[in-house]
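# Geometric and topological summary
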Amino acid sequence: MLTLNLPDVLAEVTAQFERYERALVGNDVAVLDELFFHSPHTLRYGVGENLYGYEAIAAFRAARPAQGLHREILKRVITTYGRDFATANIEFRRTGADRTGRQSQTWLRTADGWRVVAAHVSLLAPPAA
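Residues numbered from 1 in each chain as written. Predicted model: local features only at pLDDT ≥ 70, side-chain atom pairs only at ≥ 80, totals over all residues. Heavy atoms only, no water.

As a further point, take the nonpolar core. Within the largest apolar cluster, 24 residues are counted, with the highest numbers of intra-cluster contacts made by Val13, Tyr20, Phe36, Trp107 and Trp114. Residue assignment for this core shows that the elements contributing at least two residues are helix 1 (7–25), helix 2 (29–35), helix 3 (54–63), strand 4 (85–94) and strand 6 (113–123). Here the element with the most residues in this core is helix 1; it accounts for 6 residues. The residues contacting Trp107, other than those within four sequence positions of it, are Gln16, Phe17, Tyr20, Leu35, Asp84, Phe85, Ala86, Ala88, Trp114, Arg115 and Val116. (Core = buried A, V, L, I, M, F, W, Y, C linked by side-chain atoms within 4.5 Å. Buried < 20%, exposed > 50% of the residue type's maximum accessible area, 1.4 Å probe, protein only. Helix = DSSP H or I, 4+ residues; strand = E, 2+ residues; numbered from the N terminus. Contact = heavy atoms within 4.5 Å.)

Of the positions making up helix 3, those classed as buried are Tyr54, Ile57, Ala58 and Arg61. Axial view of helix 3: buried residues confined to an arc of 95°, hence all on one face. Turned more than 90 degrees away from the buried face of helix 3 sit Glu55 and Ala63, all of them exposed. On its buried face, helix 3 is in contact with helix 1, helix 2, strand 1 (43–45) and strand 2 (50–52). (Arc of directions from axis to C-beta.)

In short, shape yes, function no, at least from these values alone.
Structure representation (structure tokens):
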């Protein structure tokens, strides 16, 4: 039987998610690269890009501007499934932005620790005036 949100596993994934978030807003590319699974099967769909494989994701991170990265998390849902699989989903707003975004991550426990194997980021349309 699969157990959801085992307290120790949820704490581990939450800590890695928070580490990822600090690295994202601080543009710590080394940590961001570390936390993505090093595989050609890893993917990240962004606001304006579809990235297939770890190498494409790492190249995107290396070239990304380092300004305007701060954001406020409006809602966060982290769910673990057993001991080795988890999802992390947030709604966020960038500082000064008039619209919100969404981020979904699929995390997998690997021999090297928890790693993102799939991610998606999208923005919602601005509110109607």
